[in-house]
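A closer look at the structure
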Amino acid sequence: MSRLSVRAPLAWFGPGRLVPDARVVCDGGLISAAGPASEIARAEREIDVDGFLMPAAADRHVHIERSDPVAVLHGGVTAVRDLGWPANRIFNVADASELVSFNGPLIRAAGPILTAPGVYPTRAAWALPGTGREVTGGLEAAVAVRELAAAGATAIKVSLNAEAGPTLADAELMAICDAAALAGIPVTAHAQGAGQVERALGAGVQELAHTPWVRLSDDVIGAAATRMRWVSTLDILSFGRDTPEIRAALDNLRRFHDAGGQVSYGTDLGNAAIPAGIHTRELLWMRDAGLTNEEVLGALIRSPVVRDAPADLIALGSNPLEGLTAFGDIRLVVRSGRVVIG
Ligand SMILES: [Zn+2]
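Residues numbered from 1 in each chain as written. Predicted model: local features only at pLDDT ≥ 70, side-chain atom pairs only at ≥ 80, totals over all residues. Heavy atoms only, no water.

Helix and strand counts for the protein chain come out as 9 helices and 18 strands. A globule of 342 residues ought to have a C-alpha radius of gyration of about 20 Å, and the protein chain, at 20 Å, matches this closely. Each of the three principal axes of the protein chain carries a C-alpha extent, and together these read 60 × 40 × 35 Å. Here the analysis covers contacts within the protein chain between residues at least 6 apart in sequence; of these, 63% occur between residues at least 24 apart. Summed over its atoms, the accessible surface of the protein chain is roughly 13300 Å², and 52% of this surface lies on carbon and sulfur atoms. (Helix = DSSP H or I, 4+ residues; strand = E, 2+ residues; numbered from the N terminus. Rg over C-alpha atoms; globule rule 2.2 N^0.38 Å. Contact = heavy atoms within 4.5 Å. Areas by Shrake-Rupley, 256 points an atom, 1.4 Å probe, with all protein chains shown as cover.)

Before going further, it helps to examine empty space enclosed by the protein. Applying the stated rule across the entire model yields 1 cavity of 30 Å³ or more. The space that makes up the largest cavity amounts to roughly 30 Å³. Tallied by class, the residues present in the lining of the largest cavity amount to 6 nonpolar, 2 polar and 1 charged. (1 Å grid on protein atoms, 1.4 Å probe; cavity = no way out; pocket = protein on both sides within 12 Å on 5 of 7 lines; lining within 4 Å. Points joined across faces, edges and corners; volume = space filled by probe spheres on them. Nonpolar A, V, L, I, M, F, W, Y, C, P; charged D, E, K, R; others polar.)

The subject of this paragraph is the pattern of salt bridges. For the coordinates displayed, the defined rule picks out 16 salt bridges. Note that Arg81 and Glu207 form a salt bridge whose closest N and O atoms lie 2.7 Å from each other. Here Arg81 is found in strand S7 (residues 77-82), whereas its partner Glu207 is found in strand S13 (residues 207-208), with 126 residues between them in sequence. Its salt-bridge partner being Arg199, residue Asp170 comes within 2.9 Å of it at the nearest N-O pair. Taken together, the residues span a long stretch of sequence, with Asp170 in helix H4 (residues 170-183) and Arg199 in helix H5 (residues 196-203) at a distance of 29 residues. What makes Asp170 partly exposed here is its relative accessible area of 44%. (Salt bridge = Lys/Arg side-chain N within 4 Å of Asp/Glu carboxyl O. Buried < 20%, exposed > 50% of the residue type's maximum accessible area, 1.4 Å probe, protein only.)

Before going further, it helps to examine the coordination of the zinc ion. Ligation of the zinc ion by protein atoms is provided by His61 (NE2), His63 (NE2) and Asp268 (OD), these donors lying 2.0 to 2.2 Å from the ion. We note that the donor set of the zinc ion lies within a single chain, spaced as H-x1-H-x204-D. With His61 in strand S6 (residues 57-62) and Asp268 in the loop between strand S15 (262-264) and helix H8 (280-288), the pair connects residues that are 207 residues apart, well separated along the chain. Classification of Asp268 by relative accessible area gives buried; the value is 7%. (Donors = N, O, S within 2.8 Å, 3.2 Å for Na, K, Ca; no water.)

Within H8 the residues assigned to the buried category are Thr280, Glu282, Leu283, Trp285 and Met286. Buried residues along H8 sit in contact with helix H7 (244-258), S15 and helix H9 (293-300). Positive backbone phi, approximately 110 degrees, marks Gly290, located one or two places after H8.

Once that is clear, we can look at the packing of H4 against H5. Running from N to C, H4 and H5 cross one another at 50 degrees; their axes reach a closest spacing of 9 Å. One way to sum up the angle between H4 and H5 is to call them oblique. Classified by chirality, the crossing of H5 by H4 is right-handed. Contacts between H4 and H5 involve Asp170, Leu173, Met174 and Cys177 from the first element and Arg199, Ala200 and Ala203 from the second. (Axes fitted to C-alpha atoms, helices over the stretch in contact; angles between N-to-C directions. Parallel < 35°, antiparallel > 145°, perpendicular 65-115°, else oblique. Left-handed = near helix turned anticlockwise from the far one by under 90°.)

Moving on to unusual backbone geometry. The phi torsion of most residues other than glycine is negative, and most of the peptide bonds are trans. Notably, Thr233 is not glycine yet its phi reads approximately 35 degrees, a positive angle. Along the polypeptide, Thr233 turns up in the loop between strand S14 (229-231) and H7. Here Thr233 falls in the buried class, since its relative accessible area comes to 1%. The residue Asp268 is not glycine, and still its phi comes out positive at about 60 degrees.

Closest axis-to-axis distance for the helix H3 (residues 138-151)/H4 pair is 8 Å, and the angle between their directions is 30 degrees. Looking at the two axes, H3 sits roughly parallel to H4. At the point where H3 passes H4, the crossing takes the right-handed sense. The residues of H4 that touch H3, namely those facing Gly138, Ala141, Ala142, Val145 and Ala149, are Ala171, Glu172, Ala175, Ile176, Ala179, Ala180 and Ala183.

Two strands pair when backbone bridges link them, and strand S1 (residues 4-12) and strand S4 (residues 45-48) are joined in this way by 4 bridges, in the parallel orientation. Bridge assignment links Ser5 to a residue of S4, and that residue is Glu46. Inspection of the sheet shows S1 paired to strand S2 (residues 18-27) by 8 bridges, in the antiparallel sense. The partner of Ala8 across the bridge, within S2, is Ala22. The hairpin turn running from S1 into S2, its antiparallel successor, is 5 residues long, and Gly14 in that turn takes a positive phi close to 155 degrees. (Pairing = 2+ DSSP bridges.)

Structure representation (structure tokens):
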């Protein structure tokens, strides 16, 4: 693979690192150098972008087969994490996404959602058969985790949806968390209904796949902020309209963020009318919850621009630190050191 350098009048490499007249060198799918253009030698091939250069985006909650991978990539998202799809489909797609020939983002996947028999998501309208994997008892739950980890899962998703029927028992949930810890992968929960966030916290679940949309107490928020990451998925509660759910979620996220909780960008792409690519309205909701524009960018990116980070870059027509609507004008997308658009 030939080397490529990208030069731009202004670049943001990560939190606190705004660089005028910057150059980034991509080599073999990784970043080999980045800094002021006067200090970094150009590669054989150089692109001069008239815009704002920054790391590309990762969407940490998608259902990629319900969307268009090409549109996702062209919209500035070079990596996604699929949080619920049949194992016999999604792990093949994830493997294929590693290839240079794949026209889409890098795909990581949880595989099927572990759940109690007969409930969400096994009968959800959007879900193919196999999107849920029913488990009964701690032993069966642990076996399911080990099988998914062996198949390539990078996270384990559990459904704790008390509004859809019975949920996994505490013993099953704890067996899942223990087995996932042994496999070295995090557990992410769909927590819905009274007391479910509290149960996830108690069992050691590291992440919520959605910002909760029922008001949580300050005590629960405080505990969550020290032990969990939350994936935003705010716009699915609103789709641009004012709803009780978006108000409650913004109130929860504001307190979670104030308490030091880590927020990651995720859209639940595949859910209704969420568009492929960077979804500006999701970013604007995050700002409404109290994140600064720079914190929103930090939550959005796959990785800061540093040596040996993935060579995934985007360029915008204007500076998003001054206005997040800049994401509506994407001028360059580089994935793995290859120019996708630009
Ligand atoms: Zn989802």
